[in-house]
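Residue-level structural notes
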Amino acid sequence: MSGLAVRPAHEQGRILGLLAIAAVLGLVFGSFVGVLIARIPAGEDVVRGRSRCDACGRTLGIADLIPVLSWLSLRGRCRTCRSAVSPRYPVVEALTALVFAARLVLGFVRIFRDLGKSDGIATLVDKLVGGAVAGQVVVLTMGAVAQLLGAYAVYRLVQKQES
């Protein structure tokens, strides 16, 4: 039998830990995607410049930049001027976290499918320690960053040609 529910507690902890890491990476990456969504159409630089409130211009502090949690704790409002902050930011962050975690789960499904009914847990641990699943998270992150950087480079080239 395979599945999270029938695994010993220490193995469940490893799997849940990897899922948490994937979700956190997704939140961070989703936060950057939110910056791209907001800044590229406005013609702003996406690499330089600090995040700020769209209404009052206040530079956001570290406590205001925690993906999803900051928006929830401030009830979707700026800490200073209390203007509404678009729900687009936490939605994009949460969806990206789900995509990262789902990709990791699909990696687990593939591993469990490959293991079949053999003595699987030792092989699973070997694959986890060997980096099969963790490697997928790294590859996914690197691929996503490369795609965004490529899109940004194309955007900048088009912007230069128009001016």
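Preceding block: the structure.
Residues numbered from 1 in each chain as written. Predicted model: local features only at pLDDT ≥ 70, side-chain atom pairs only at ≥ 80, totals over all residues. Heavy atoms only, no water.

Some words on the environment of W71
So the rule is basically this: Secondary structure follows DSSP: runs of H or I at least 4 residues long count as helices, runs of E at least 2 residues long count as strands, and numbering of each begins at the N terminus. To sort residues, take the accessible area from a 1.4 Å probe on protein chains only and compare it with the maximum for the residue type: under 20% means buried, over 50% means exposed, and anything in between is partly exposed. Should any heavy atoms of two residues lie within 4.5 Å, those residues are counted as being in contact. In the analysis that follows, any N or O atom pair within 3.5 Å is treated as a polar contact, provided that within protein one partner can donate a hydrogen and the other can accept it, and provided that, for residues neighboring in sequence, both atoms belong to side chains.
Mapped onto the secondary structure, W71 falls in helix α2 (residues 69-73). Note on W71: relative accessible area 26%, which makes it partly exposed. Linking W71 and V85, residues 14 residues apart in sequence, is a C-alpha distance of 7.8 Å. In contact with W71, other than residues within four places in its own chain, are G76, V85, S86, P87 and P90. Polar side-chain contacts of W71 include one of 3.1 Å to the backbone oxygen of V85.

With respect to the side chain of D64
When you line up the elements, D64 lands in the loop between α1 (9-42) and α2. Among residues more than four places away in sequence, those in contact with D64 are R58, S70, L74 and R79.

Structural measurements only, silent on function.
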